[in-house]
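The primary structure of each chain is shown beneath.
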Amino acid sequence: MVTVTVNVNGEPRTASVPPETTLLRLLREQFNLTGAKLGCDVGDCGACTVMVDGKSVNSCLMLAGQADGRDVLTIEGLATLERLHPLQEAFEQLGSLQCGFCGPGILMSAKALLDENPDPSEQDIRDALAGNLCRCTGYIKMIEAIQGVARADGARPAPKSA
Amino acid sequence: MKSFTNANPRDVAHAVALSAQAHGANRSVSFAGGGSDLLALVKDRIVAPDVIVNLKTVKGLDQVAAAPGGLTVGALVTLDALDRHPVVRRDHAALAEAAGSVATPQIRNVGTIGGNICQRPWCWYYRNGFPCLKNGGNTCFSANGENQFHAIFGGGPSYIVHPSDTAPALVALDATFRVVGPAGERMVPAAEFFILPRDDAKRENVLAPDEILASVHVPAARRGTRSTYHKILDREAWTHAVVSAAIVLELEGGVCRLARIVLGGVAPVPWRVPEAERVLVGQRITPELAAQAGEAAVSGARPLAKNGYKVPLTRNLVRRTLVELAARA
């Protein structure tokens, strides 16, 4: 067994798991965070996408031990009890998801993109979603939602420098 | 998934020692960089290591060091970091473009340059567990089977294509690999690192069981040098090259002084085409000359039953890439 401590959505969580446990299984089965989905389990579909130290990763292809001591952000960390994340709101407004299975992964890839590049082109968005498969909605409404959030963000006044 | 134990080395020498120790105890070993390819192979029961030596714990191998003689890229540098590195983008564009063309953002954020170079083949017979040459059997099922994506150069007895995007770029950039093993370290030119199936069908490179690819040295770009990597996919994202070309040109007053053209997706190793390079040296690169070089590039092609389309694809890719690269300011 390996003991793993991960900072999940801002809270340190610890579990003791067999060494072959993936980060995805750690999140779902030990921490009851079932937002990240088990799809293909080999990195093709992106349904398991979470952010580790600010970067999108396939949690099915990362061992829990590799995430030890790192910051992990999952879909459960986006919304607060009061409010959805702007990306979630935009997806809801535009009907960007139908069955929703791919949604948590798509949203984490979109968040990783906007964190690094607040003003992405359509091609940037397409590239950022290249590792996420959607088999029912299609991608157009997702791209529109992400563009909408990026624009809304760009329209906001720049924060005053300290 | 089969159970295994993790070994966390302090440094490269320790990683080698842990591997040798496990082999000594008759246990199978795999090295993991980012671990993406390895974990998928383990899940699919293509490889079954008893011990995984986790190279991520080795300090200092995740750095790109720029010096007047060139760049030293630690094997644990991620493909994403390489794609974004300002010096790599400016001086060795073929490498940045190749790294940025790999798989998906999620894979590039974790996948390393060392792992990309050393990844196993993506032949569907191998990955689906057929008892083929790569899986310890005595047959290459692609030879007379579904060989749409297989080799048109250098095939036999196995017809895999080398799947790495960065490997052709590194051969074109004349890189050298630092390999560390039980007997110490050795420097291997990228062009000599990869081996053809006719020399050993079980593996794709010269690494012995306890050896590690520790870093990659890319010599400083000479004056007038430019490079690029073009990749043709059968869909827009998330797949390996059907055909790719890494090209380095050294131009002086518009005349080509040196050309290195290395193809990906068409051979079991990154495939250099000196026939095409010879067409260019001492000449101005016009569209007509580029077309001649494209013809020369495929002069040695030996397509299988279902991959003949790769021949015109390769010819045109070399032509187009040369025209585009020669026109770059």
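Right above here is the structure, for reference.
First, a word on what this report is: a plain description of the structure on this page. Residue positions are counted from 1 within each chain, in the order its sequence is given. Here the convention is simple: chains get letters from A, ligands get numbers from 1, in the order in which they are written. For this predicted model, a pLDDT threshold of at least 70 governs which residues receive local features, and a threshold of 80 or more governs which side-chain atom pairs are given and counted, while totals over whole chains, interfaces and linings are taken from all residues. Processing note: side-chain calculations cover all non-hydrogen atoms of the structure and skip hydrogens and water entirely.

Comments concerning the interface of chain A and chain B
To keep things clear, this is the line we draw: We call two residues in contact when some of their heavy atoms are within 4.5 Å. Reported buried area values correspond to the accessible surface (1.4 Å probe) lost by two parts on association, with both partners' losses combined. A side-chain nitrogen of Lys or Arg and a carboxyl oxygen of Asp or Glu constitute a salt bridge if their distance falls within 4 Å. Nitrogen and oxygen atoms within 3.5 Å of one another constitute a polar contact, given that in protein one can donate a hydrogen and the other can accept it, and given that sequence-neighbouring residues count only through two side-chain atoms. The numbering of helices and of strands both runs from the N terminus, where a helix is a DSSP run of H or I of at least 4 residues and a strand a run of E of at least 2. Each residue gets one of three labels, nonpolar for Ala, Val, Leu, Ile, Met, Phe, Trp, Tyr, Cys and Pro, charged for Asp, Glu, Lys and Arg, and polar for the others, Gly among them.
Of the residues lining the interface, 26 residues belong to chain A; the matching set on chain B comes to 26 residues. When the two sides are added together, the surface that chain A and chain B hide from each other amounts to roughly 2000 Å², 53% of it contributed by carbon and sulfur. Interface area lost by chain A to chain B is led by E20, L61 and Q66 of chain A, which between them contribute 28%. Our count for the chain A to chain B interface comes out at 3 salt bridges. We note a salt bridge from R84 of chain B to E116 of chain A, for which the minimum N-O separation is 2.7 Å. Our count for the contact surface shared by chain A and chain B stands at 12 residue pairs in polar contact (both at pLDDT 80 or more). Counting residues per element, the ones that place at least two in the side of chain A that touches chain B are β4 (55-58), α3 (103-116) and α4 (122-128) of chain A. If you tally residues by element for the side of chain A that touches chain B, the top one is β4 of chain A, at 4 residues. Taken together, the residues that form the side of chain A that touches chain B break down as 9 nonpolar, 11 polar and 6 charged.

Topic: the environment of D174 of chain B
All names here are of chain B. If you trace the backbone, D174 turns up in the loop between α9 (166-172) and β6 (176-181). Between the C-alpha atom of D174 and that of A220, which follows or precedes it by 46 residues, the distance is 9.9 Å. Contacts of D174, omitting those with residues within four sequence positions, involve P219 and R260.

Describing the pattern of salt bridges
In plain terms, the rule: Note on exposure labels: buried denotes an accessible area under 20% of the residue type's maximum, exposed denotes more than 50%, and partly exposed covers the range between, all computed with a 1.4 Å probe on protein chains only.
Scanning the model with the defined rule gives 27 salt bridges over all chains in all. E146 of chain B is paired through a salt bridge with K306 of chain B; the nearest N and O atoms lie 2.9 Å apart. Here K306 of chain B lies in the loop between α12 (287-297) and α13 (310-327) and E146 of chain B lies in the loop between α8 (124-127) and α9, a separation of 160 residues in the sequence. Classification of E146 of chain B by relative accessible area gives partly exposed; the value is 33%. Between E252 of chain B and R257 of chain B there is a salt bridge whose closest N-O contact spans 3.5 Å. Given a relative accessible area of 44%, R257 of chain B falls into the partly exposed group. Through salt bridges with shared partners, a single ionic network connects K55 and E116 of chain A together with D80 and R84 of chain B.

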